[in-house]
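Summary of structural features
The residues making up each chain are set out below.
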Amino acid sequence: MNQPTQSCPSAATTLFNLPDYRVISVVHDRDASIRVVTVASDFPAACPGCAVLASRVHSRRIQRVRDILVAGRVRLMWAKRRLFCDETLCVRKTFSESTPQVPRFARSTARLKETLKNAVIDSGRAASEVATAFGVSWWLVNTVVVAAAAALPSVDLLAPARLGIDEHRYRSVRWLQDQQSKKWTRYEPWMSTIVDVDTGQVLGIVDGRDSRGIGAWLKARPTAWLSCIETVGIDPSAAFRKALRENLPDAAVSVDHFHLVLLANDMLTQVRQRVSREQNGRRGLKTDKAWAHRLLLLRGYDTLSDAGKKRLDDVFATDDPSQELVAAWGVKEALRLMLSATNPASVEDRKIFFERQVKAAAMKETDRLLATVTKWWPEIQTLLATRVTTAKVEAANTMIKNIKRIARGFRNPTNYQSRILLRSAARTVA
Ligand SMILES: [Zn+2]
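Every chain's residues receive numbers from 1 upward, in the order its sequence appears when written. With the structure being a predicted model, the display of local features is reserved for residues of pLDDT at least 70 and the display and counting of side-chain atom pairs for 80 or more, all residues being used for whole-chain, interface and lining totals. The side-chain figures draw on all heavy atoms in the structure; neither hydrogens nor water molecules are used.

1. Here's the deal with the pattern of salt bridges
Which entries qualify depends on this criterion: Here a salt bridge means any side-chain nitrogen of Lys or Arg lying within 4 Å of a carboxyl oxygen belonging to Asp or Glu. Runs of E in the DSSP output that reach at least two residues are strands. Runs of H or I that reach at least four are helices, and both are numbered from the N terminus. Only protein chains enter the accessibility calculation, which uses a 1.4 Å probe; a residue whose area is less than 20% of its type maximum is buried, one above 50% is exposed, and one in between is partly exposed.
Tallied over the entire structure, the rule returns 23 salt bridges. As a salt-bridge pair, Glu129 and Arg125 come within 2.8 Å of each other at their nearest N and O atoms. Across the salt bridge formed by Glu324 and Arg274, the nearest N and O atoms sit 3.2 Å from each other. Of this pair, Glu324 sits in helix H12 (residues 324–339) while Arg274 sits in helix H8 (residues 257–280), placing them 50 residues apart in sequence. The class for Arg274 is buried, based on a relative accessible area of 10%. Here the salt bridges share partners, and the residues they tie into one network are Arg274, Glu278, Glu324, Lys364 and Glu365.

Structural data, given as structure tokens:
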């Protein structure tokens, strides 16, 4: 008859299910909800000095180890052995045992750390909430998350072909007082996000929104990595363009469609406000048709219903005596038309049409828009040819907004960046 080669684990050990550990007793603590579990390690004890296995026990010490919830909160005590190293060549005389679940110097199990990390990153819960749920400190949760971010595979192992760069403010504006001069300075905590626009993964987050942060990040990438980049989508920011020209001279830079339309809409709003001031000597009121339909003016004409088109015609017929509003609106629509062109010949035609509209409008606001479009024309051409937009970057920014909302603010930029990189990596894999 065959005999099992090892003893069958007890029911408690099977339930507790901590690899390499055996439960030797389970008792209620003073508080009935907390159990004390005492465990012993079955892991072979190898000396950290010489790696030779040891078996002669020097002493035992009870160590408290933080662990996951097992049918409620558990106070886990480990009867940890100190062993003699019998290897004569080894300088160590004794050592404390360690296991993969509780390595040297650790005071929490590996499975607890994994669970905490998943609760914050995969489930998107706030670190403080996770800490309360597991009865551990916020510091432990945060340390686990920051360590996991540091262990993420290097972005240099990825080979993205198309990048998107965008900026966002990571916390509200602060005023800082200089201790000596007593002068207050405005501090705008901006960060720039670098995203792989094909996968949507956030590859990097850098401080600020000037060319230095992005430039330094790109300089840190290997040459082969940089040579894979074909196009980079940015919003119309001269700082980003400068950083790209210096560090990615061969990549085509594309400017984002959404931000260009935004510029045209801002122009139209400026004209509407100026016309209202000039005609009525005041800002717009509910009773002014142009003000009442100010959002209708900004919508694309092709997306309007027949009723919407009628209302718009009515605005131009009754609340635009100088016809400046309709001229500015025509410029905005001409830009949108140009941006929706799908072949080089129609781009050229529509650009001429746009320029003619600007010339006919003859206003400083429309001239300024044309100047910006001219300045960014190479990047707009790249957009029209490749359609690399920062839409994926915007999606990443939405995720970032959620992280900020759940955490109710970050004081430490490193914690903030760790959350974003990890959550983005987790989402990309999922
Ligand atoms: Zn040894």
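Next, the rest of the story.
2. Quick word on the pairing of strand E12 (residues 202–207)
Stated formally: Pairing between two strands requires that DSSP report at least two bridges joining them.
Counting buried positions over the six residues of E12 gives five, a clear majority of the element. In this sheet, E12 lies alongside strand E11 (residues 190–196) in antiparallel orientation, the contact comprising five bridges. Bridge assignment links Val195 to a residue of E12, and that residue is Val202. The turn linking E11 back onto E12 is made up of five residues, and Gly200 within it adopts a positive phi angle of 80°.

3. Details of the coordination of the zinc ion
Worth spelling out the cut-off: The donor set comprises N, O and S atoms within 2.8 Å of the metal, extended to 3.2 Å for Na, K and Ca; water molecules are omitted, so apparent gaps in a site may simply reflect that omission. Square planar and octahedral assignments, for four and six donors respectively, both demand that opposite donors be over 155 degrees apart and that all other angles lie between 65 and 115; tetrahedral needs four donors with all angles between 85 and 135 degrees, and anything else is irregular.
Taken together, Cys47 (SG), Cys50 (SG), Cys85 (SG) and Cys90 (SG) make up the full set of protein donors to the zinc ion, lying 2.3 Å away. One can describe the site at the zinc ion as tetrahedral: its four donor atoms subtend angles covering 99 to 114° at the metal. On the primary sequence, the residues serving as donors to the zinc ion are separated as C-x2-C-x34-C-x4-C. Of this pair, Cys50 sits in the loop between strand E3 (45–46) and strand E4 (53–54) while Cys90 is found in the loop between strand E6 (74–84) and strand E7 (94–96), placing the two residues 40 residues apart along the sequence.

4. Concerning the domain arrangement of the chain
Basically, it comes down to this: Where each domain starts and ends comes from a domain assignment, either automatic or drawn from a database. Note on contacts: a residue pair is in contact if any heavy atoms of the two residues lie within 4.5 Å. Buried area: the accessible area, evaluated with a 1.4 Å probe, that two parts lose upon being put together, summed over both parts. Whenever a nitrogen or oxygen atom comes within 3.5 Å of another N or O atom, the pair is scored as a polar contact, on the condition that within protein one atom can donate a hydrogen and the other can accept it, and that pairs from neighbouring residues in sequence are kept only if both atoms are in side chains.
You can read the domains of the chain as domain 1 (13–87 + 94–107), domain 2 (110–151), domain 3 (155–256 + 389–429) and domain 4 (257–386). Centre-to-centre, using C-alpha coordinates, domain 3 lies 30 Å away from domain 4. Contact with domain 3, which involves 18 residues of that partner, is made by 13 residues of domain 4. When the two sides are added together, the surface that domain 3 and domain 4 hide from each other amounts to roughly 1200 Å², 63% of it contributed by carbon and sulfur. Three residues stand out in domain 3 for area buried against domain 4, namely Arg241, Val255 and Asp256, and they jointly supply 44% of the buried area on that side. Taken together, the links from domain 3 to domain 4 amount to two salt bridges. As a salt-bridge pair, Arg241 and Glu379 come within 3.4 Å of each other at their nearest N and O atoms. For the pair domain 3 and domain 4, the number of links is seven residue pairs in polar contact (both at pLDDT 80 or more). Where the side of domain 3 that touches domain 4 is concerned, the elements lending two or more residues are strand E8 (162–169), strand E13 (231–234), helix H7 (238–247) and strand E14 (252–255). Looking at which element gives the most residues to the side of domain 3 that touches domain 4, the answer is E14, with four residues.

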